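The lines below spell out each chain.
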Amino acid sequence: QVQLVESGGGLVQAGGSLRLSCAASGRTFSNYAMGWFRQAPGKEREFVADITWSGGSTSYVDSVKGRFTISREKAENTVYLQMNNLKPEDTAIYYCAADTRFPYGGEQMGDYDYWGQGTQVTVSS
C-alpha cells in the first residue's frame, strides 16, 4: 500500500509563490510515477503535472506551463510542485497522486491508484 500526504498549501497574493510537497510512505518500491491534480469548488478534478518514475520526463497542463515545476526526490519518496507567479485561477485543493502500475503517470485520474488528502491553495487578487 502507498500513503500520500501533501503539505505546503496556503494563502498568497497573485504573483507569489508556493512549493507543495507530497511525501509517500508505506510499502512502496519507489517504482511509480507521480502526478498533481487540483479541484476548485464545483469543478471537476483536473490534471496539473506529472513526472515519470525516472524523473526524466514531465508534463504540464497548458495553463501552468512556465510557472509550475514538478520534481521528485526518489530517495525521500517525495514529489514537489514549485508554483510561481500564482494567479487567482490557481485557487484549488491540490492533490498528489501515485501510479504504481506504470512508470509514466498520465493526465487522467484513472491513471493513478493512490491519492493524498489534498492541500488548499488560495490566491488572492
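What counts and what doesn't
Numbers given for residues are sequential positions, taken from 1 along each chain in its written order. Since the coordinates come from a predicted model, pLDDT governs what is reported: local features require at least 70, and pairs of side-chain atoms require 80 or more to be given and counted, while whole-chain, interface and lining totals use all residues. Where side-chain values are given, they derive from all heavy atoms of the structure, hydrogens and water being excluded. Here a strand is any run of E in DSSP of at least two residues, a helix any run of H or I of at least four, and the numbering for each starts at the N terminus. Counted as a polar contact is a pair of N or O atoms within 3.5 Å, where, for protein atoms, one must be capable of donating a hydrogen and the other of accepting one, and residues adjacent in sequence contribute only when both atoms are in side chains. We call two residues contacting when some pair of their heavy atoms lies within 4.5 Å. What we call a nonpolar core is a set of buried Ala, Val, Leu, Ile, Met, Phe, Trp, Tyr and Cys residues that are connected through their side-chain atoms within 4.5 Å. Remark: exposure states derive from per-residue accessible area (1.4 Å probe, protein chains only) relative to the maximum for the residue type, with buried under 20%, exposed over 50%, and partly exposed in between. The pairing criterion is simple: DSSP has to find at least two bridges between the two strands. To define axes, lines are fitted to C-alpha atoms, for helices over the stretch in contact only, and angles between the resulting N-to-C directions are given on a 0 to 180 degree scale. Throughout this description, the term salt bridge denotes a Lys or Arg side-chain nitrogen within 4 Å of a carboxyl oxygen of Asp or Glu.

Visitor: Looking at this structure, I do not really get the side chain of arginine 38. What am I missing?
Guide: Relative to the helices and strands, arginine 38 resides in strand 4 (residues 33-39). In terms of polar contacts, arginine 38 uses its side chain to reach the side chain of glutamate 46, at 2.7 Å. In terms of polar contacts, arginine 38 uses its side chain to reach the side chain of tyrosine 94, at 2.9 Å. Contacts of arginine 38, omitting those with residues within four sequence positions, involve Glu44, Arg45, Glu46, Val48, Ser63, Val64, Phe68, Glu89, Asp90, Ala92, Ile93 and Tyr94.

Visitor: What should I look at first to understand the nonpolar core in this one?
Guide: Most often, soluble globular proteins keep nonpolar side chains buried together rather than apart. Among the nonpolar cores identified, the biggest contains 27 residues, and Met34, Trp36, Leu81, Met83 and Tyr94 are the most heavily contacted of them. Residue assignment for this core shows that the elements contributing at least two residues are strand 1 (2-7), strand 3 (18-26), strand 4, strand 5 (46-51), strand 7 (68-73), strand 8 (78-83), strand 9 (92-99) and strand 11 (119-124).

Visitor: Teacher, can you tell me more about the pairing of strand 9 here?
Guide: Two faces make up the sheet, and in a regular strand the side chains alternate between them. In terms of burial, strand 9 is a largely internal element, seven of the eight residues being buried. Where strand 4 and strand 9 come together, seven bridges link them in antiparallel fashion. Looking at the pairing, methionine 34 lines up with alanine 98 of strand 9. Bridge analysis of strand 9 against strand 11 gives three bridges, and the strand direction is antiparallel. Bridge pairing links alanine 92 to valine 121 in strand 11. Direction of pairing for strand 9 relative to strand 10 (residues 114-115): antiparallel, over a ladder of two bridges.

Visitor: It is not clear to me how the sheet that holds strand 8 should be interpreted in this structure. Could you clarify?
Guide: Pairing between the strands of a sheet is mediated by backbone hydrogen bonds and can be parallel or antiparallel. The strand order 1-3-8-7 describes an open sheet built from four strands, whose pairing is antiparallel. Looking at the sheet topology across the chains shown, the edges are occupied by strand 1 and strand 7. Across the sheet, the mean angle separating the axes of adjacent strands is 15° when strand polarity is ignored. Bridge analysis of strand 1 against strand 3 gives six bridges, and the strand direction is antiparallel. By the bridge assignment for strand 3, leucine 4 is matched with alanine 24.

Visitor: Got a minute to help me understand the pattern of salt bridges in this structure?
Guide: When charged atoms on two side chains of opposite charge get close, those side chains can pair. Tallying each qualifying case throughout the model produces five salt bridges. Taking the shortest distance from any N to any O, the salt bridge between arginine 67 and aspartate 90 comes out at 2.8 Å. Here aspartate 90 lies in the loop between strand 8 and strand 9 and arginine 67 lies in the loop between strand 6 (58-60) and strand 7, a separation of 23 residues in the sequence. Relative accessible area serves as the criterion here: at 9%, arginine 67 is assigned to the buried category. On the basis of relative accessible area, aspartate 90 is assigned to the buried category, the value being 0%.

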